[in-house]
Amino acid sequence: AANAGTNPGETAGNGVDDDGNGYVDDVYGWDFAGSNNSVFDGTGDDHGTHVAGTIGGVGGNGKGVAGVCWNVRLMNAKFLGSRGGTTANAIKAVDYFTDLKTRHGMNFVATNNSWGGGGFSQALQDAIGRANNANILFIAAAGNSTVNCETGSCYPAEYPNANVIGVASITSTGAISSFSNYGSTTIDLGAPGS
């Protein structure tokens, strides 16, 4: 919670789209699946919260859990819910951060995309390209289906955009996790996942 970033262009709870981006009171981000500013919908739908803790959980505070980066600001653009999600909402989520950076001056460096599924989408690739034009990295999970991404589908990790970094899961000893997708040219690196 200490590393939750906020949209400085919004005033919480006033029911107004203060920054003119089309989203009312998007102080902590936006839930494109639910069409609201409630980005945490409970423990039955907490994958993004779990991943955010892995990325930016504050350490050295006696809580017993620490993220990789203790001093970071994280915002939400949720498009998956308990019933899944759509590519159209994924595009909106990517464009949300691109807009906040280009029109509102927020310093976004990267988006975490620990999701996968579906096939190739030119519209999604174009949205990732817009993020690239704004100098936003698109970090994408390779996937958890033991697929060779050279011959199988591993979107969004296998989009060829220059800003996409495809990440496989590795064990604590550096071996690839038994469930992880992989690919010699489509996946860029491995990071602890099991």
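Up top is the structure these notes are about.
Residues numbered from 1 in each chain as written. Predicted model: local features only at pLDDT ≥ 70, side-chain atom pairs only at ≥ 80, totals over all residues. Heavy atoms only, no water.

Asks: Could you give an account of the sheet that holds strand E5 (residues 110-113), with specific residues and numbers?
Replies: The sheet built from four strands is open, its strands ordered E5-E6-E7-E8 with parallel pairing. The outermost strands of the open sheet, each flanked by one partner alone, are E5 and strand E8 (189-192). The sheet shows a mean angle of 30° between the axes of neighbouring strands, taken without regard to direction. For strand E7 (residues 164-170) and E8, the ladder comprises four bridges, and the chain directions are parallel. For Ser 169, the partnering residue across the bridge sits in E8 and is Ala 191. (Pairing = 2+ DSSP bridges. Helix = DSSP H or I, 4+ residues; strand = E, 2+ residues; numbered from the N terminus. Axes fitted to C-alpha atoms, helices over the stretch in contact; angles between N-to-C directions.)

Asks: Pulling in residues and values, what's your account of the layout of surface pockets?
Replies: Approximately 160 Å³ is the volume found for the second largest pocket. Classifying every residue of the lining of the second largest pocket by side-chain character gives seven nonpolar, eight polar and no charged. (1 Å grid on protein atoms, 1.4 Å probe; cavity = no way out; pocket = protein on both sides within 12 Å on 5 of 7 lines; lining within 4 Å. Points joined across faces, edges and corners; volume = space filled by probe spheres on them. Nonpolar A, V, L, I, M, F, W, Y, C, P; charged D, E, K, R; others polar.)

Asks: Which residues make up the packing of aromatic side chains, and what values go with them?
Replies: Per the counting criterion, the structure on display carries 10 aromatic pairs. Summarising the aromatic geometry, the rings of Phe 32 and Tyr 96 are spaced 5.7 Å apart at their centres and angled 75° between planes, so their arrangement reads as edge-to-face. In this pair, Phe 32 is assigned in the loop between strand E1 (29-31) and helix H1 (47-56) and Tyr 96 in helix H2 (residues 87-102), connecting sequence segments 64 residues apart. Judged by relative accessible area, which is 5%, Phe 32 ranks as buried. For Tyr 96, a relative accessible area of 3% puts it in the buried group. Seen from their ring centres, Tyr 96 and Phe 97 are 5.4 Å apart, and the 65° between their planes marks the pair as edge-to-face. Clustering of aromatic rings is evident, with ring pairs tying together Tyr 23, Trp 30, Phe 32, Tyr 96, Phe 97 and Phe 108. (Phe/Tyr/Trp six-rings, centres within 6.5 Å; stacked < 30°, edge-to-face > 60°. Buried < 20%, exposed > 50% of the residue type's maximum accessible area, 1.4 Å probe, protein only.)

Asks: Describe the nonpolar core, listing the residues and the values that go with them.
Replies: Within the largest apolar cluster, 33 residues are counted, with the highest numbers of intra-cluster contacts made by Phe 32, Met 75, Tyr 96, Phe 108, Leu 124 and Phe 138. Elements represented by at least two residues in this core include exactly H2, helix H3 (122-133), strand E6 (137-141) and E7. Examining the composition of this core, we find that seven residues originate from one element, H2, more than from any other. Dropping the residues within four chain positions of it, Tyr 96 is found in contact with Asn 7, Asn 21, Tyr 23, Asp 26, Gly 29, Trp 30, Phe 32, Met 75, Asn 76 and Ala 77. (Core = buried A, V, L, I, M, F, W, Y, C linked by side-chain atoms within 4.5 Å. Contact = heavy atoms within 4.5 Å.)

Asks: I'd love a proper account of the pairing of E7, names of residues and values included.
Replies: Judged by how many residues are buried, E7 sits mostly within the fold: five of seven residues are covered. Where E6 and E7 come together, four bridges link them in parallel fashion. Bridge pairing in E7 places Ile 139 opposite Ile 165.

Asks: Which residues make up the side chain of Ser 180, and what values do they have?
Replies: Along the chain, Ser 180 turns up in the loop between E7 and E8. A polar side-chain atom of Ser 180 sits 2.9 Å from the main-chain amide nitrogen of Ser 169. For Ser 180, the residues in contact, after removing those within four places along its chain, are Gly 143, Thr 146, Val 147, Ala 168 and Ser 169. (Polar contact = N/O pair within 3.5 Å; in protein donor to acceptor, adjacent residues only side chain to side chain.)

Asks: Could you give an account of the state of the cysteines, with specific residues and numbers?
Replies: All chains considered together, the criterion is met by one disulfide. Disulfide pairing is shown between Cys 149 and Cys 154; the S-S distance is 2.0 Å. Every disulfide takes its handedness from the sign of the S-S torsion; for Cys 149 and Cys 154 that torsion is -85°, giving left-handed. Here the two residues Cys 149 and Cys 154 agree in accessibility, since each one is buried. (Disulfide = S-S within 2.5 Å.)

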